[in-house]
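# Structural overview
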Amino acid sequence: MNQFERVRDYLTGLQDRICAAIETADGQARFIEDNWQRAEGGGGRTRILREGAVFEQAGIGFSDVAGTRLPPSASANRPELAGASWRACGVSLVFHPRNPYLPTTHANVRYFRAERDGEHVASWFGGGFDLTPFYPFDEDVRHWHQVAHDLCAPYGETRYAEHKRWCDDYFFLKHRNETRGVGGLFFDDLHGDFEQDFAYLRAVGEGFLDAYLPIVERRKDTPYGEREREFQLYRRGRYVEFNLVYDRGTLFGLQSGGRSESILMSLPPRVRWEYGYVPQEGSAEARLAAYLTPRDWLD
């Protein structure tokens, strides 16, 4: 089994494990699966859970796609990839809970490889996970970052700080001057040592459930009303803005001829925008703004 096949097999198993865990956490709905093929090469399987007891929508997709020409989102500033064939596989998820006190979350782990005339040109790992609360709880944010810190620890003293900072920088809405949420980890172009980098990818993939499921258990039954629901829908608008304006994964998928339904499964099923919205001073809604700026959550 070659390196790409090893990563691919891990990722399909990861998708299975996360789906099983989320179905258990929801307790009501089940994932449905769409298998699809891409004309230029490859395909994937997209799984969606809808209208559950806990999750209004949960989407997790696996893809293994290939081509002979990279889209601009991947080839910019990489002249060595000109004329190379490529193959990429990954698992990406976005979960939109029903309860406004339970955060939205995203995770992604992926591997990319390029060849020319059968010779290796470049390969790298990427991924991470991040958390987007609407009504944040300090213990949840600290837990999220503690899991991230601990899984990074075997890979060097600076790994957590570097990949946390990368997450803060990447998931930043410049036109709103705020982060998408409270961050987590983000990394790309990881290509030092295959075995070590693959181990880190697995740590991030497995660490996601360790970080998220305890928050689900703490917040899924929190009472809420129409006010909290309306604020949740309003803040989901920021999620849409980021994914459609800045997200490189969305751009890569669309520019490379990917399946639009699978690429856009990250968008929430219900969302609203409100012109000139300003939360009432001192309200729980106004409190969120203090969390949408990078900080050391473990200090």
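The numbers attached to residues start from 1 for each chain and follow its sequence in the written order. At least 70 in pLDDT is required for a residue's local features to be given in this predicted model, at least 80 for side-chain atom pairs to be given and counted, and no such filter applies to totals for whole chains, interfaces and linings, which use all residues. As a rule here, side-chain values come from all non-hydrogen atoms in the structure, and water together with hydrogens is ignored.

### Re the overall build of the protein chain
We apply this condition: Strands here mean DSSP runs of E at least two residues long; helices mean DSSP runs of H or I at least four residues long; both are numbered from the N terminus. Here the globule rule reads 2.2 Å times residues to the power 0.38, and the radius of gyration is calculated from C-alpha atoms. Residue exposure (1.4 Å probe, protein chains only): buried if accessible area is under 20% of the type maximum, exposed if over 50%, otherwise partly exposed. Two residues form a contact once any of their heavy atoms are found within 4.5 Å. Computed with a 1.4 Å probe, the accessible areas rest on the Shrake-Rupley method; for each residue, only the protein chains presented here act as cover. We count Lys and Arg on the positive side and Asp and Glu on the negative side, and we leave His and both chain ends out. Taken as the charge centre is NZ of Lys, CZ of Arg, CG of Asp or CD of Glu, depending on the residue.
For the protein chain, the helix and strand inventory stands at 9 helices and 9 strands. Expected size for 299 residues packed as a compact globule is a radius of gyration near 19 Å; at 19 Å, the protein chain falls within 12% of this value. Overall, the protein chain is about 60 × 40 × 35 Å in size when its C-alpha atoms are taken along their principal axes. Put simply, the protein chain has 299 residues, and 55% of those count as buried. Of the contacts made within the protein chain by residues no fewer than 6 positions apart, 71% connect residues no fewer than 24 positions apart. With an accessible surface of roughly 13,600 Å², the protein chain has 48% of that area assigned to carbon and sulfur atoms. Between the mean site of the 37 positive side-chain charges and the mean site of the 45 negative ones, the protein chain shows a separation of 3 Å.

### Re the environment of G181
By secondary structure assignment, the location of G181 is in the loop between β8 (178–179) and β9 (183–190). Expressed as a C-alpha distance, the spacing of G181 and A84, which sit 97 residues apart in the sequence, is 37 Å. Setting aside residues no more than four positions away along its own chain, G181 makes contact with L131, T132, P133, Y291 and L292.

### Here we look at the sheet that holds strand β5 (residues 104–116)
Two orientations exist for strands paired in a sheet by backbone hydrogen bonds: parallel and antiparallel. Where we set the bar: We call two strands paired when DSSP finds no fewer than two bridges between them. Axes here mean lines fitted to C-alpha atoms, for a helix over just the part in contact, with angles spanning 0 to 180 degrees between N-to-C directions.
One open sheet holds the 7 strands; their spatial order is β1-β2-β3-β4-β5-β6-β9, and the pairing between them is antiparallel. Strands at the two margins of the open sheet, each flanked by one partner only, are β1 (32–37) and β9. The mean inter-strand angle of the sheet, taken between neighbouring strand axes irrespective of direction, is 5 degrees. The pairing of β5 with strand β6 (residues 119–132) spans 13 bridges and is classified as antiparallel. Bridge pairing in β6 places R110 opposite G126.

### Some words on helix α6 (residues 226–245)
Rule in force here: In this analysis, the expected span of each helix is defined as 1.5 Å times one less than the number of residues it contains.
The terminal C-alpha atoms of α6 lie 29 Å apart, and with 20 residues this matches the ideal 28 Å at 1.5 Å per residue to within 8%. Counting buried positions along α6 gives 15 out of 20 residues, so the element sits mostly inside the fold.

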